[in-house]
Amino acid sequence: NPQIMGVLNITPDSFSDGGLFFNQKKAYDQAKLMINSGASIVDIGGESTRPGSKVIDEKEEWKRIENIIIKLKKNFSKVNLSLDTRKSQVMRNGIKNGVNIINDVSGLNFDKKSFDLIKSKNIPFVLNHMQGTPETMQNNPKYENVLLDIFDFFEEKIHFCMKKKYKKELIILDPGIGFGKNLNQNLLIMKNIKKLRIKDCGVVLGPSRKSWISKIKNTPTNKRLGGSLASVLYSVSQGVDIVRVHDVFETKQAIEIYKRIECSK
C-alpha cells in the first residue's frame, strides 16, 4: 500500500493552506489530525514555493518550524518527518532535531551544500523536478519532451549521487506536478508515471489541490478534493509509493476502498 505524506505548511502564503496553520498550536493540531487520520509521513515546510513566491531568510524559515518538529518528534516518534526546504542550514537544523527525510523542491540545485550534508548524514531525500524557480516556473514552461526531459534529469542526478557513494535506494523521485508544467504536461506525467520509475528509487506524487485541477474544472483551491482524489487513485494504480496530500482522512479512505475493490475475489 502507498504511504500517505501529509502536507503541513507553516507559512502565511502557501497556495492552499497559507496562513491556516501559521499559528503554532494550529500547526501542531493539524499535524496530529493528519497522523491520526493515517499519514505515515508529515512534510513540514516553513517557506512557500507556490508559483510567484520569493525566497525568505533561513533564520525566519527555521523559526517557523523549529518548535513543531521538536514537539512532533517527542510525541509521535514513530512518524517520519519530512522537511520541505531548499536551504542546507535549515536541513542541518532539522536533521539535528530528528527529521527523517529531506524534500528539496529545487532538486538540490538551490544550495550547493545540500547534497554533501545529506550524504554525510545518510538521510533519504526527495529529488524533485522543477523547471526554473518558484518565482518564474509557471511563466510558459516548455520542454522538448516532458517525460524524456524529466527522466534525463533524474538519471543525471542519480548518477551524480552514486558517483559520490550515496545509495540510490535512499532517493525518492518526484516529477514535480505543478512545478514548471502546464496542464497537458502535468496530465502526461501522471498518465505515464510508470515510465519515470528508475529501479530501486521510490516515487512520490503531489497533485493535491493544485491549479491544474481548476484548468479542467474551474474551482477554488478548497474545492479541489475530487480532482485530488482522482489523481491519487490513478497514481496508486500505477504503483506510486507515496502520495503527498492535504486531505489525509479522505485520501486514506479512498485508497482503502480502491484496494478492497482491486483485491476482491
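Residues numbered from 1 in each chain as written. Predicted model: local features only at pLDDT ≥ 70, side-chain atom pairs only at ≥ 80, totals over all residues. Heavy atoms only, no water.

S.K.: Explain the sheet that holds strand 6 (residues 171-174) to me, and be specific about the residues and the numbers.
M.R.: With parallel pairing, 8 strands are arranged side by side around a closed barrel as 1-2-3-4-5-6-7-8. Adjacent strand axes in the sheet meet at a mean angle of 25 degrees, parallel and antiparallel pairs treated alike. (Pairing = 2+ DSSP bridges. Helix = DSSP H or I, 4+ residues; strand = E, 2+ residues; numbered from the N terminus. Axes fitted to C-alpha atoms, helices over the stretch in contact; angles between N-to-C directions.)

S.K.: Outline the nonpolar core, listing residues and values.
M.R.: Grouped burial of nonpolar side chains is what soluble globular proteins tend to show. Counting 63 residues, the largest nonpolar core has Leu-8, Ile-44, Leu-72, Ile-102, Phe-125 and Ile-171 as its most contacted members. Excluding residues that lie within four positions of it along the chain, Ile-171 makes contacts with Phe-125, Leu-127, Ile-158, Cys-161, Tyr-166, Cys-201 and Gly-202. Ile-41, Ile-172, Val-204 and Ile-242 belong to the second largest nonpolar core, which has 7 residues in total. (Core = buried A, V, L, I, M, F, W, Y, C linked by side-chain atoms within 4.5 Å. Buried < 20%, exposed > 50% of the residue type's maximum accessible area, 1.4 Å probe, protein only. Contact = heavy atoms within 4.5 Å.)

S.K.: Which residues make up the packing of helix 2 (residues 58-75) against helix 3 (residues 88-96), and what values do they have?
M.R.: The N-to-C vectors of helix 2 and helix 3 enclose an angle of 30 degrees; their axes lie 9 Å apart at closest approach. Considering the angle they form, helix 2 stands roughly parallel to helix 3. Considering how the two elements wind past one another, helix 2 and helix 3 form a crossing that is right-handed. When helix 2 is examined against helix 3, the residues Glu-58, Glu-61, Trp-62 and Ile-65 are found in contact with a partner set consisting of Gln-89, Val-90, Asn-93 and Gly-94. (Parallel < 35°, antiparallel > 145°, perpendicular 65-115°, else oblique. Left-handed = near helix turned anticlockwise from the far one by under 90°.)

S.K.: Can you explain helix 1 (residues 24-37)? Please cite residues and give values.
M.R.: For helix 1, spanning 14 residues, the distance from its first C-alpha to its last is 20 Å, which sits close to the expected 20 Å at 1.5 Å a residue. Those residues of helix 1 not exposed but buried are Ala-27, Tyr-28, Gln-30, Ala-31, Met-34, Ile-35 and Ser-37. Packed against the buried residues of helix 1 are strand 1 (3-9), strand 2 (41-45), helix 2 and helix 9 (248-263). Measuring from the side-chain oxygen of the N-cap residue of helix 1 to the backbone nitrogen of Lys-25 gives 2.9 Å; that N-cap residue is Asn-23. (Expected span 1.5 Å × (residues − 1). Polar contact = N/O pair within 3.5 Å; in protein donor to acceptor, adjacent residues only side chain to side chain.)

S.K.: Could you give an account of the packing of aromatic side chains, naming the residues involved and the relevant values?
M.R.: One pass over the full model with this rule turns up 5 aromatic pairs. Seen in terms of ring centroids, Phe-115 and Tyr-166 are 5.8 Å apart; in terms of plane orientation they differ by 70 degrees. Their pairing is edge-to-face. A residue pair is termed long-range when its members are at least 10 positions apart, and Phe-115 in helix 4 (residues 114-121) and Tyr-166 in the loop between helix 5 (146-163) and strand 6 qualify at 51 residues. Side by side, Phe-115 and Tyr-166 carry an identical accessibility label, which is buried. Through a chain of ring-to-ring contacts, three or more aromatic side chains come together here, namely Phe-115, Phe-125, Phe-160 and Tyr-166. Over the ring of Tyr-28 we find Lys-71; its NZ or CZ atom is 4.1 Å from the centre of that ring. Across the ring face of Phe-110, the terminal group of Arg-86 is positioned such that the distance to the ring centre comes to 4.7 Å. (Phe/Tyr/Trp six-rings, centres within 6.5 Å; stacked < 30°, edge-to-face > 60°. Lys NZ or Arg CZ within 6 Å of the ring centre and 35° of its normal.)

S.K.: Break down the pairing of strand 6 for me, with residues and values.
M.R.: By the alternation rule, side chains of strand 6 split into Ile-171 and Leu-173 and Ile-172 and Asp-174, which are all buried. The pairing of strand 5 (residues 125-128) with strand 6 spans 4 bridges and is parallel. Looking at strand 6, one finds that Val-126 is bridged to Ile-172. For the crossover that starts at strand 6, traverses helix 6 (residues 183-191) and ends in the parallel strand 7 (residues 202-205), the hand is right-handed. (Right-handed = clockwise from strand over helix to strand, strands pointing away.)

S.K.: Just give me the short version of the pattern of salt bridges, but keep the residues and values in it.
M.R.: Overall, the coordinates contain 11 salt bridges when judged by the stated rule. Note that Arg-86 and Glu-47 form a salt bridge whose closest N and O atoms lie 2.9 Å from each other. Taken together, the residues span a long stretch of sequence, with Arg-86 in the loop between strand 3 (80-84) and helix 3 and Glu-47 in the loop between strand 2 and helix 2 at a distance of 39 residues. For Glu-47, a relative accessible area of 4% translates into the label buried. (Salt bridge = Lys/Arg side-chain N within 4 Å of Asp/Glu carboxyl O.)

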